[in-house]
Amino acid sequence: MSTGELVVLAVTVAVAAFVQGSSGLGFALIVAPVAGILDPGLLPVFVLMAMIPLNAYVAWRERAALDLRGAGWIIAARLAATPAGLALLWLIPDRSLGLFVGAATVLAAVASLAAPAFTPGRAAYIGAGAVTGLTETATGVGGPPLALVYQHRPPAELRSTVAVCFLVGEVASLGLLFATGKGQPADLGWAVLLLPAIGAGAWASRLVHRRLDARRMRLSVLGFALVSGLVLMLGA
């Protein structure tokens, strides 16, 4: 990766960390398509690894608003679906990964935009956890199903619960990816190198997360995801 590409990735990561720290979602939707364009080899390990410190911070900051019941069902279903996500990654040829990530990003954004308001129950939690386990393990993108479940809940509840679910799932996915040879130690180096960018975005989010217009931020994230996902598909 050239210096210019590294700068682009660092800026993207910082913006994505700010967006997710503020609104509760958006990191993978922003970073995965850009990373796929710059270097498909970064997916999914880089995205998963980069989100761990961010979600740990958000989960701690918003811990008072955590939905324990919903998080429990989501995490259980997410862990159960993780092996299926790994199997999907084995089935996707390396040359087609960019196309798959782009398509998954576009479909996730469209689903998030089109979903009607509803009150989540056990079935919704389990369904969201299962889909997240499948897509996040294979591509690094797993937020939209959780956003759909919590999009009409208080912002702090969304941020805290999604962060906890992500945190547990990311550790499980990375463990399985490395245990089966789909992840390499060098993949972690990029996430470590970009920790300052992640920290800068997370720090900035704490200044505005209680005042931000979450609806506008959500629409902006989904709009960016649509465009970047389409670019990734066309360039695959």
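Heads up: the structure comes first, above all this text.
The rules behind these values
- Residues numbered from 1 in each chain as written.
- Predicted model: local features only at pLDDT ≥ 70, side-chain atom pairs only at ≥ 80, totals over all residues.
- Heavy atoms only, no water.
- Helix = DSSP H or I, 4+ residues; strand = E, 2+ residues; numbered from the N terminus.
- Buried < 20%, exposed > 50% of the residue type's maximum accessible area, 1.4 Å probe, protein only.
- Lys, Arg positive; Asp, Glu negative; His and termini not counted.
- Salt bridge = Lys/Arg side-chain N within 4 Å of Asp/Glu carboxyl O.
- Contact = heavy atoms within 4.5 Å.
- Axes fitted to C-alpha atoms, helices over the stretch in contact; angles between N-to-C directions.
- Parallel < 35°, antiparallel > 145°, perpendicular 65-115°, else oblique.
- Nonpolar A, V, L, I, M, F, W, Y, C, P; charged D, E, K, R; others polar.

Trainee: What should I look at first to understand the side chain of Glu 170 in this one?
Mentor: Within the element layout of this structure, Glu 170 appears in helix H8 (residues 155–179). Among buried Asp, Glu, Lys and Arg side chains, Glu 170 stands out as unpaired, with Arg 78 the closest opposite charge at 6.6 Å. Setting aside chain neighbours within four positions, we find Glu 170 in contact with Leu 48, Met 51, Ile 52, Asn 55, Arg 78 and Glu 136.

Trainee: Can you walk me through the environment of Gly 229 in this structure?
Mentor: Note that Gly 229 resides in helix H11 (residues 214–235). For Gly 229, a relative accessible area of 0% gives the class buried. Considered as a pair, Gly 229 and Ala 103 are 126 residues apart in the sequence and their alpha carbons are 6.5 Å apart. For Gly 229, the residues in contact, after removing those within four places along its chain, are Pro 33, Gly 102, Thr 105 and Val 106.

Trainee: Would you mind going over the packing of helix H1 (residues 3–23) against H8 with me for this structure?
Mentor: For any two helices packed against each other, one specifies the crossing angle of their axes together with the interaxial distance. With their axes 8 Å apart at the nearest point, H1 and H8 run at an angle of 120° to one another. Classified by the angle their axes make, H1 and H8 are oblique. Facing H1, whose interface residues are Gln 20, Gly 21, Ser 22 and Ser 23, H8 presents Leu 158, Arg 159 and Phe 166. Taken together, the residues of the contact of H1 with H8 break down into 2 nonpolar, 4 polar and 1 charged.

Trainee: Just to check I follow, could you spell out the packing of H1 against helix H2 (residues 27–38) for this structure?
Mentor: Packing of H1 against H2 leaves a shortest axis separation of 8 Å and a crossing angle of 170°. One element, H1, and the other, H2, form an angle in the roughly antiparallel class. Each of Glu 5, Val 8, Leu 9, Thr 12, Val 13, Ala 16, Ala 17, Val 19 and Gln 20 in H1 lies in contact with H2, whose residues at this interface are Phe 27, Ile 30, Val 31, Val 34, Ala 35 and Leu 38. Of the residues assigned to the contact of H1 with H2, the class counts are 12 nonpolar, 2 polar and 1 charged.

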